[in-house]
Amino acid sequence: MIKIFWVEDQQHWIDKFRPLLQTTDFSGVSAEADNRLEVFKQQEAAHNRIAQTADNDAPQIAILDASLNGDDDGGFSLSKALLKKWPALPIVFLSEHSGTGIEEKAFQQGVTQDFIAKNQRNIEGVLVWRIKALLKPVLAAAPVNPLLTRGDLVIDLVSWEVRWKNNRLMNPANPARPLAPTPRKILRFLVEASPRPLTTMQIADKLDADLEKFSYANYRQHIKTVRKSLALAHGDEAAFMDMCRQGEGVVTFGAEGAYLWKTPEQSDG
């Protein structure tokens, strides 16, 4: 899994490329990935995110539209802000202005490592192999198989396989398939934030979800799915649910619709 910072002001391009960017394994380790996308349509929101993002949560790559909302320098300004904060960050311009003075200016100013035309034939394939080429040295320097481990819970951040008590977490509604991407992400965010709880708004922000559409009811339903999946992996559903009620595992926190992860002191059922 990689984190991608993406700025695109036209919704139809977001709709076209989002599935590709979200599910392509740019490391070549797995058949499919669950990449973390941060997508922005407005420059101001993107600039604010750059300023607010912690250094240890830097994206692995940024994809920028050169011209944003009629401003031909929009992508340039964002690229400079990104490089000021993370000088080694690979940046790609994905634009309809390939072959123009805008592309020439981008390379002259050193604000991008690649400039890809959106309208070219086989753009999906071109985008994938060009991003892989830029990410190759970045990923080579990263741990081969980083694991997020809390007691009996293990989250593989490369393959996105999640295990509890050495049993893979599966989709409770379809045990032949792994736990769905959004519940997996929420579990990861809870584990990383532990022992702090995460509210609905905090989770929506981390998921890059529309705050008008992602409600506490959505959050609660995903938590139910996570708990059910963990309980099935635990081997004793009632025992795991009772453990959560007693303040271990996936725990309800306060009255504000928040949840937290607390690693069980003993998880032998």
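Above this text sits the structure in question.
S.K.: Help me out: how do you make sense of helix 3 (residues 74-85) in this one?
M.R.: In an α-helix, one turn spans 3.6 residues; hence positions three or four apart end up facing the same way. The end-to-end C-alpha distance of helix 3 is 17 Å, a good match for the 16 Å that 12 residues give at a rise of 1.5 Å each. Buried positions along helix 3 lie against strand 1 (3-7), helix 2 (43-52), strand 3 (61-64), strand 4 (91-95) and helix 4 (101-109).

S.K.: Sorry, what's going on with the sheet that holds strand 6 (residues 147-150) here?
M.R.: Paired through their backbone hydrogen bonds, the strands of a sheet run either parallel or antiparallel. Judged by pairing direction, the sheet is antiparallel, and its four strands sit side by side in the order 6-7-8-9 without closing on themselves. Looking at strand neighbours, the two that pair on one side only are strand 6 and strand 9 (167-168), the edges of this open sheet. The pairing of strand 7 (residues 153-156) with strand 8 (residues 162-164) spans three bridges and is classified as antiparallel. Bridge pairing links L153 to W164 in strand 8. With respect to the sheet, helix 6 (residues 181-193) is in contact with strand 6, strand 7 and strand 8, its orientation differing from that of strand 7 by roughly 115°.

S.K.: Teacher, can you tell me more about the pattern of salt bridges here?
M.R.: Between side chains of opposite charge, pairing is possible as soon as their charged atoms come close. Per the counting criterion, the structure on display carries 15 salt bridges. Taking the shortest distance from any N to any O, the salt bridge between D65 and K118 comes out at 3.2 Å. Taken as a pair, D65 in the loop between strand 3 and helix 3 and K118 in the loop between strand 5 (114-117) and helix 5 (123-140) lie far apart in primary sequence, 53 residues in all. Assigned by exposure class, D65 and K118 land together as buried. Between E161 and R163 there is a salt bridge whose closest N-O contact spans 2.8 Å. Several salt bridges share partner residues, and in doing so they unite K3, R36, E38, R49, D57 and D205 into one network.

S.K.: Could you clarify how one ought to interpret the packing of helix 1 (residues 11-23) against helix 5 in this entry?
M.R.: Packed helices, taken two at a time, are described by their axes: the angle between them and the distance between them. The interhelical angle for the contact between helix 1 and helix 5, taken along N-to-C directions, is 40°, at an axis separation of 11 Å. By the angle class used here, helix 1 and helix 5 are oblique. Taken as a pair, helix 1 and helix 5 cross one another with a handedness that is right-handed. Touching K16, F17, L20 and L21 of helix 1 are I123, E124, L127, V128 and I131, all from helix 5. For the contact of helix 1 with helix 5, the class distribution of residues is seven nonpolar, no polar and two charged.

S.K.: Mind showing me how you'd approach the side chain of S79 here?
M.R.: As for its placement among the helices and strands, S79 is situated in helix 3. When its relative accessible area of 0% is taken as the criterion, S79 is described as buried. Residue contacts for S79: discarding those within four places in its chain leaves L64, I91, F93 and V111.

S.K.: How should I be thinking about the side chain of E248 in this particular structure?
M.R.: Mapped onto the secondary structure, E248 falls in the loop between helix 9 (237-245) and strand 12 (249-253). Of the side chains with opposite charge, K262 comes closest to the buried, unpaired E248, at an N-O distance of 5.3 Å. For E248, the contacting residues outside a window of four places in its chain are M243, K262, P264 and E265.

S.K.: I'm lost on the sheet that holds strand 1 in this one. Help?
M.R.: Judged by pairing direction, the sheet is parallel, and its five strands sit side by side in the order 2-1-3-4-5 without closing on themselves. Single-partner strands in this sheet number two, and they are strand 2 (36-40) and strand 5. Averaged over all adjacent pairs, the angle separating strand axes in this sheet is 20°, with direction ignored.

What counts, and at which threshold
Residues numbered from 1 in each chain as written. Predicted model: local features only at pLDDT ≥ 70, side-chain atom pairs only at ≥ 80, totals over all residues. Heavy atoms only, no water. Helix = DSSP H or I, 4+ residues; strand = E, 2+ residues; numbered from the N terminus. Expected span 1.5 Å × (residues − 1). Contact = heavy atoms within 4.5 Å. Pairing = 2+ DSSP bridges. Axes fitted to C-alpha atoms, helices over the stretch in contact; angles between N-to-C directions. Salt bridge = Lys/Arg side-chain N within 4 Å of Asp/Glu carboxyl O. Buried < 20%, exposed > 50% of the residue type's maximum accessible area, 1.4 Å probe, protein only. Parallel < 35°, antiparallel > 145°, perpendicular 65-115°, else oblique. Left-handed = near helix turned anticlockwise from the far one by under 90°. Nonpolar A, V, L, I, M, F, W, Y, C, P; charged D, E, K, R; others polar. Lys, Arg positive; Asp, Glu negative; His and termini not counted.

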